Amino acid sequence: MQDLLNTMRRLRAPDGCPWDAEQTHASLRPYLLEEAAEAVDAIDGGSPAELAGELGDVLLQVAFHSVIAEEAGTFGYADVEGAIVSKLVRRHPHVFGETQVSGSAEVVRNWQAIKAAEQGGQPRRALDRVPSALGALAREAAAQRLAGVSGGRDQLSAALEAAPDTPQGVADVLAAAVAWARAHGVDAELALRDHTTRTLEALPDETTAP
(Lines give C-alpha, C1' and ligand atoms only; values in the text may rest on other atoms or scores of the structure.)
Protein backbone atom coordinates (compact mmCIF):
# COMPACT_ATOMS: atom_id res chain seq x y z
CA MET A 1 0.00 0.00 0.00
CA GLN A 2 2.86 2.38 0.74
CA ASP A 3 4.22 1.72 -2.76
CA LEU A 4 0.83 2.66 -4.20
CA LEU A 5 0.58 5.80 -2.07
CA ASN A 6 4.11 6.86 -3.02
CA THR A 7 3.28 6.28 -6.69
CA MET A 8 0.23 8.54 -6.37
CA ARG A 9 2.28 11.19 -4.59
CA ARG A 10 4.78 11.09 -7.45
CA LEU A 11 1.99 11.41 -10.01
CA ARG A 12 0.53 14.38 -8.14
CA ALA A 13 3.91 16.12 -7.78
CA PRO A 14 4.68 19.33 -9.75
CA ASP A 15 6.78 17.34 -12.23
CA GLY A 16 4.34 14.44 -12.30
CA CYS A 17 1.23 13.83 -14.42
CA PRO A 18 -0.86 16.95 -15.21
CA TRP A 19 -4.10 14.95 -15.36
CA ASP A 20 -3.56 13.27 -12.00
CA ALA A 21 -2.57 16.60 -10.45
CA GLU A 22 -5.82 18.23 -11.59
CA GLN A 23 -8.14 15.67 -10.00
CA THR A 24 -10.28 16.37 -6.94
CA HIS A 25 -12.57 14.30 -4.74
CA ALA A 26 -15.50 15.54 -6.83
CA SER A 27 -13.91 14.89 -10.24
CA LEU A 28 -13.07 11.31 -9.26
CA ARG A 29 -16.66 10.35 -8.35
CA PRO A 30 -17.51 8.70 -11.70
CA TYR A 31 -14.27 6.72 -11.67
CA LEU A 32 -14.97 5.32 -8.21
CA LEU A 33 -18.40 4.14 -9.36
CA GLU A 34 -16.98 2.75 -12.60
CA GLU A 35 -14.16 0.83 -10.93
CA ALA A 36 -16.51 -0.67 -8.36
CA ALA A 37 -18.86 -1.75 -11.16
CA GLU A 38 -16.00 -3.32 -13.10
CA ALA A 39 -14.97 -5.26 -10.00
CA VAL A 40 -18.51 -6.63 -9.78
CA ASP A 41 -18.31 -7.61 -13.45
CA ALA A 42 -15.05 -9.44 -12.72
CA ILE A 43 -16.75 -11.41 -9.95
CA ASP A 44 -19.48 -12.39 -12.41
CA GLY A 45 -16.83 -13.36 -14.96
CA GLY A 46 -15.26 -15.88 -12.60
CA SER A 47 -11.62 -15.04 -13.40
CA PRO A 48 -9.50 -14.63 -10.23
CA ALA A 49 -6.77 -12.80 -12.18
CA GLU A 50 -9.29 -10.34 -13.61
CA LEU A 51 -10.83 -9.78 -10.19
CA ALA A 52 -7.41 -9.10 -8.68
CA GLY A 53 -6.75 -6.49 -11.34
CA GLU A 54 -10.11 -4.79 -10.88
CA LEU A 55 -9.73 -4.72 -7.10
CA GLY A 56 -6.40 -3.01 -7.69
CA ASP A 57 -8.24 -0.30 -9.62
CA VAL A 58 -10.65 0.11 -6.69
CA LEU A 59 -7.70 0.35 -4.32
CA LEU A 60 -6.19 2.99 -6.59
CA GLN A 61 -9.25 5.14 -5.97
CA VAL A 62 -8.75 4.80 -2.21
CA ALA A 63 -5.11 5.84 -2.59
CA PHE A 64 -6.02 8.71 -4.91
CA HIS A 65 -8.55 10.20 -2.49
CA SER A 66 -6.20 9.64 0.45
CA VAL A 67 -3.34 11.52 -1.22
CA ILE A 68 -5.63 14.38 -2.27
CA ALA A 69 -6.82 14.67 1.35
CA GLU A 70 -3.25 14.37 2.63
CA GLU A 71 -2.26 17.35 0.49
CA ALA A 72 -5.20 19.35 1.85
CA GLY A 73 -4.39 18.36 5.43
CA THR A 74 -7.85 16.89 6.02
CA PHE A 75 -6.98 13.21 6.48
CA GLY A 76 -4.56 10.58 5.24
CA TYR A 77 -4.54 6.91 4.35
CA ALA A 78 -3.71 5.97 7.95
CA ASP A 79 -6.99 7.60 9.00
CA VAL A 80 -8.92 5.63 6.38
CA GLU A 81 -7.36 2.34 7.42
CA GLY A 82 -7.56 3.04 11.14
CA ALA A 83 -11.21 4.03 10.97
CA ILE A 84 -12.36 0.87 9.22
CA VAL A 85 -10.32 -1.42 11.47
CA SER A 86 -11.75 0.28 14.57
CA LYS A 87 -15.27 0.03 13.16
CA LEU A 88 -14.94 -3.69 12.40
CA VAL A 89 -13.62 -4.45 15.88
CA ARG A 90 -16.25 -2.27 17.55
CA ARG A 91 -19.15 -3.76 15.62
CA HIS A 92 -18.08 -7.39 16.11
CA PRO A 93 -18.12 -7.76 19.90
CA HIS A 94 -18.99 -11.43 19.42
CA VAL A 95 -15.55 -11.90 17.83
CA PHE A 96 -13.37 -9.33 19.60
CA GLY A 97 -15.30 -9.19 22.90
CA GLU A 98 -17.41 -11.35 25.17
CA THR A 99 -20.80 -10.98 23.44
CA GLN A 100 -22.57 -14.22 22.55
CA VAL A 101 -24.76 -14.48 19.44
CA SER A 102 -27.09 -17.19 18.19
CA GLY A 103 -26.56 -16.56 14.48
CA SER A 104 -26.19 -14.04 11.69
CA ALA A 105 -29.58 -12.42 12.35
CA GLU A 106 -28.47 -11.44 15.84
CA VAL A 107 -25.16 -10.19 14.42
CA VAL A 108 -27.10 -7.82 12.14
CA ARG A 109 -29.29 -6.60 15.03
CA ASN A 110 -26.22 -5.94 17.17
CA TRP A 111 -24.51 -4.15 14.28
CA GLN A 112 -27.48 -1.83 13.86
CA ALA A 113 -27.71 -1.16 17.60
CA ILE A 114 -24.00 -0.36 17.84
CA LYS A 115 -24.24 1.84 14.75
CA ALA A 116 -27.14 3.78 16.29
CA ALA A 117 -25.21 4.22 19.55
CA GLU A 118 -22.21 5.57 17.61
CA GLN A 119 -24.49 8.25 16.20
CA GLY A 120 -25.58 9.34 19.64
CA GLY A 121 -28.85 7.48 19.38
CA GLN A 122 -30.07 10.00 16.82
CA PRO A 123 -31.91 8.32 13.95
CA ARG A 124 -30.75 9.19 10.45
CA ARG A 125 -33.17 10.28 7.77
CA ALA A 126 -34.11 7.48 5.41
CA LEU A 127 -32.74 9.63 2.58
CA ASP A 128 -29.32 9.54 4.22
CA ARG A 129 -29.39 5.78 4.79
CA VAL A 130 -29.62 4.84 1.11
CA PRO A 131 -26.74 6.09 -1.08
CA SER A 132 -27.95 8.21 -3.99
CA ALA A 133 -25.23 6.75 -6.23
CA LEU A 134 -26.70 3.24 -6.07
CA GLY A 135 -28.28 1.88 -9.22
CA ALA A 136 -31.93 2.87 -9.44
CA LEU A 137 -33.25 -0.67 -8.89
CA ALA A 138 -30.89 -1.31 -5.97
CA ARG A 139 -31.85 2.03 -4.40
CA GLU A 140 -35.55 1.25 -4.76
CA ALA A 141 -35.01 -2.16 -3.13
CA ALA A 142 -33.23 -0.53 -0.19
CA ALA A 143 -36.00 2.05 0.15
CA GLN A 144 -38.62 -0.70 0.14
CA ARG A 145 -36.78 -2.58 2.87
CA LEU A 146 -36.73 0.56 5.04
CA ALA A 147 -40.41 1.19 4.36
CA GLY A 148 -41.42 -2.42 4.98
CA VAL A 149 -42.89 -2.68 1.49
CA SER A 150 -43.70 -6.13 0.16
CA GLY A 151 -45.17 -7.22 -3.12
CA GLY A 152 -45.75 -10.03 -5.54
CA ARG A 153 -47.01 -10.94 -8.95
CA ASP A 154 -50.55 -9.65 -8.21
CA GLN A 155 -49.25 -6.20 -7.24
CA LEU A 156 -47.08 -6.13 -10.35
CA SER A 157 -50.05 -7.04 -12.55
CA ALA A 158 -52.15 -4.34 -10.89
CA ALA A 159 -49.43 -1.76 -11.39
CA LEU A 160 -49.13 -2.68 -15.07
CA GLU A 161 -52.89 -2.43 -15.52
CA ALA A 162 -53.24 0.93 -13.77
CA ALA A 163 -50.04 2.69 -14.84
CA PRO A 164 -50.40 5.64 -17.22
CA ASP A 165 -47.92 6.00 -20.07
CA THR A 166 -45.90 8.60 -18.17
CA PRO A 167 -42.58 8.68 -16.28
CA GLN A 168 -44.52 8.22 -13.04
CA GLY A 169 -46.39 5.27 -14.48
CA VAL A 170 -43.15 3.64 -15.58
CA ALA A 171 -41.66 4.28 -12.12
CA ASP A 172 -44.68 2.67 -10.45
CA VAL A 173 -44.29 -0.46 -12.58
CA LEU A 174 -40.54 -0.65 -11.97
CA ALA A 175 -41.08 -0.28 -8.22
CA ALA A 176 -43.66 -3.07 -8.32
CA ALA A 177 -41.21 -5.24 -10.27
CA VAL A 178 -38.54 -4.64 -7.63
CA ALA A 179 -41.01 -5.62 -4.89
CA TRP A 180 -41.92 -8.77 -6.84
CA ALA A 181 -38.24 -9.66 -7.18
CA ARG A 182 -37.65 -9.10 -3.46
CA ALA A 183 -40.60 -11.35 -2.61
CA HIS A 184 -38.78 -14.18 -4.39
CA GLY A 185 -35.32 -13.42 -3.06
CA VAL A 186 -34.09 -11.98 -6.36
CA ASP A 187 -31.81 -8.94 -6.52
CA ALA A 188 -33.46 -6.93 -9.29
CA GLU A 189 -30.34 -4.87 -9.97
CA LEU A 190 -28.14 -7.91 -10.50
CA ALA A 191 -30.85 -9.77 -12.42
CA LEU A 192 -31.21 -6.93 -14.90
CA ARG A 193 -27.44 -6.51 -15.17
CA ASP A 194 -27.11 -10.20 -16.07
CA HIS A 195 -29.96 -9.91 -18.59
CA THR A 196 -28.34 -6.89 -20.23
CA THR A 197 -25.02 -8.72 -20.44
CA ARG A 198 -26.68 -11.65 -22.20
CA THR A 199 -28.35 -9.24 -24.63
CA LEU A 200 -25.03 -7.57 -25.44
CA GLU A 201 -23.23 -10.90 -25.81
CA ALA A 202 -25.80 -11.97 -28.41
CA LEU A 203 -25.25 -8.90 -30.58
CA PRO A 204 -22.87 -9.16 -33.53
CA ASP A 205 -19.41 -7.64 -33.24
CA GLU A 206 -18.97 -4.13 -34.50
CA THR A 207 -17.67 -4.00 -38.05
CA THR A 208 -15.52 -1.31 -39.58
CA ALA A 209 -16.83 0.20 -42.78
CA PRO A 210 -14.51 -0.28 -45.75
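- An unreviewed UniProt entry annotates the protein chain as Nucleoside triphosphate hydrolase originating from Deinococcus radiopugnans.

### A closer look at the UniProt feature "domain: NTP pyrophosphohydrolase MazG-like" (unreviewed entry) in the protein chain
Then, number 1: UniProt annotation of "domain: NTP pyrophosphohydrolase MazG-like" (unreviewed entry) refers to residues 23–96 when read in the numbering used here.
Then, number 2: Along residues 23–96, the helical share is 81% and the strand share 0%, with 39 Å between the first and last C-alpha atoms.

### Description of the nonpolar core
Then, number 1: Counting eight residues, the largest nonpolar core is built from Leu-5, Met-8, Leu-28, Ala-63, Phe-64, Val-67, Ile-68 and Tyr-77.
Then, number 2: Elements with a contribution of two residues or more to this core: helix H1 (2–12) and helix H4 (48–72).
Then, number 3: It is H4 that provides the largest number of residues to this core, a total of four residues.
Then, number 4: Counting five residues, the second-largest nonpolar core is a separate cluster that includes Leu-137, Ala-141, Ala-181 and Ala-188.

### A look at the domain arrangement of the protein chain
Then, number 1: Per the domain assignment, the segments making up the protein chain are domain 1 (1–91) and domain 2 (127–202).
Then, number 2: Taking only C-alpha atoms into account, the centre of domain 1 sits 31 Å from that of domain 2.

### Examining H1
Owing to its 3.6 residues per turn, the α-helix brings residues three or four apart onto one side.
Then, number 1: For H1, every residue scored as buried is listed here: Leu-5, Met-8 and Arg-12. The buried residues of H1 occupy one face: seen down the axis, they fall within an arc of 60°.

### Examining a nonpolar patch on the surface
Then, number 1: Together, Ile-84, Val-85, Leu-88, Val-89, Val-95 and Phe-96 line one region of the surface with nonpolar side chains, adding up to about 520 Å² of accessible area.
Then, number 2: With respect to the element layout, Val-85 can be found in helix H5 (residues 77–90).
Then, number 3: Overall, Val-85 belongs to the partly exposed group, its relative accessible area being 44%.

### Points about the side chain of Gln-144
Then, number 1: Structurally, the position occupied by Gln-144 is in helix H9 (residues 136–147).
Then, number 2: If we skip the residues at most four places from it in the chain, Gln-144 touches Val-149, Ala-175, Val-178, Ala-179 and Arg-182.

### Some details on the side chain of Gln-23
Then, number 1: With respect to the helices and strands, Gln-23 occurs in the loop between helix H2 (18–22) and helix H3 (29–45).
Then, number 2: For Gln-23, a relative accessible area of 8% puts it in the buried group.
Then, number 3: In this structure, Gln-23 is in contact with Arg-12, Leu-28, Phe-64 and Ile-68, ignoring residues within four places of it in sequence.

### Side note on the pattern of salt bridges
Then, number 1: The full count for this structure, using the stated rule, is six salt bridges.
Then, number 2: Two residues, Arg-193 and Asp-41, come together in a salt bridge whose shortest N-O distance is 2.3 Å. Of this pair, Arg-193 sits in helix H12 (residues 188–202) while Asp-41 sits in helix H3, and the two are 152 residues apart along the sequence.
Then, number 3: Judged by relative accessible area, Arg-193 falls into the partly exposed class, the value being 25%.
Then, number 4: Beyond isolated ion pairs, a larger network of salt bridges with shared partners links Arg-90, Arg-91 and Glu-118.

### Comments concerning the packing of aromatic side chains
Then, number 1: Considering all chains together, one arrives at two aromatic pairs under this definition.
Then, number 2: Between Trp-19 and Tyr-31, the ring centres sit 5.7 Å apart and the planes meet at 85°, which makes this aromatic pair edge-to-face. Here Trp-19 is found in helix H2, whereas its partner Tyr-31 is found in helix H3, with 12 residues between them in sequence.
Then, number 3: Relative accessible area serves as the criterion here: at 38%, Trp-19 is assigned to the partly exposed category.
Then, number 4: Among the residues examined, Tyr-31 registers a relative accessible area of 32% and is labelled partly exposed.

### Some words on helix H7 (residues 104–118)
Then, number 1: Relative to the 21 Å expected for 15 residues at 1.5 Å per residue, H7 spans 21 Å between its end C-alpha atoms, a close match to the ideal helical length.
Then, number 2: The positive-phi residue at the C-terminal boundary of H7 is Gly-120, with phi of around 75°.

### Considerations on the packing of H3 against H4
Then, number 1: Relative orientation of the contacting elements H3 and H4 amounts to 160°, with a least axis distance of 8 Å. By the criterion of interaxial angle, the relationship of H3 to H4 is roughly antiparallel. Crossing handedness for the pair H3 and H4: left-handed. Two secondary-structure elements touch here, H3 through Tyr-31, Leu-32, Glu-35, Ala-36, Glu-38, Ala-39, Ala-42 and Ile-43 and H4 through Glu-50, Leu-51, Glu-54, Leu-55, Asp-57, Val-58 and Gln-61.
Then, number 2: The class makeup of the residues in the contact of H3 with H4 is nine nonpolar, one polar and five charged.

Reading the values: the criteria
- Residues numbered from 1 in each chain as written.
- Predicted model: local features only at pLDDT ≥ 70, side-chain atom pairs only at ≥ 80, totals over all residues.
- Heavy atoms only, no water.
- UniProt positions renumbered as here; feature names shortened; annotations may be inferred.
- Helix = DSSP H or I, 4+ residues; strand = E, 2+ residues; numbered from the N terminus.
- Core = buried A, V, L, I, M, F, W, Y, C linked by side-chain atoms within 4.5 Å.
- Buried < 20%, exposed > 50% of the residue type's maximum accessible area, 1.4 Å probe, protein only.
- Domains from an automatic or database assignment.
- Arc of directions from axis to C-beta.
- Patch = residues over 30% accessible without salt bridge, like charges linked within 9 Å, V, L, I, M, F, W, Y side chains within 5 Å.
- Areas by Shrake-Rupley, 256 points an atom, 1.4 Å probe, with all protein chains shown as cover.
- Salt bridge = Lys/Arg side-chain N within 4 Å of Asp/Glu carboxyl O.
- Contact = heavy atoms within 4.5 Å.
- Phe/Tyr/Trp six-rings, centres within 6.5 Å; stacked < 30°, edge-to-face > 60°.
- Expected span 1.5 Å × (residues − 1).
- Axes fitted to C-alpha atoms, helices over the stretch in contact; angles between N-to-C directions.
- Parallel < 35°, antiparallel > 145°, perpendicular 65-115°, else oblique.
- Left-handed = near helix turned anticlockwise from the far one by under 90°.
- Nonpolar A, V, L, I, M, F, W, Y, C, P; charged D, E, K, R; others polar.

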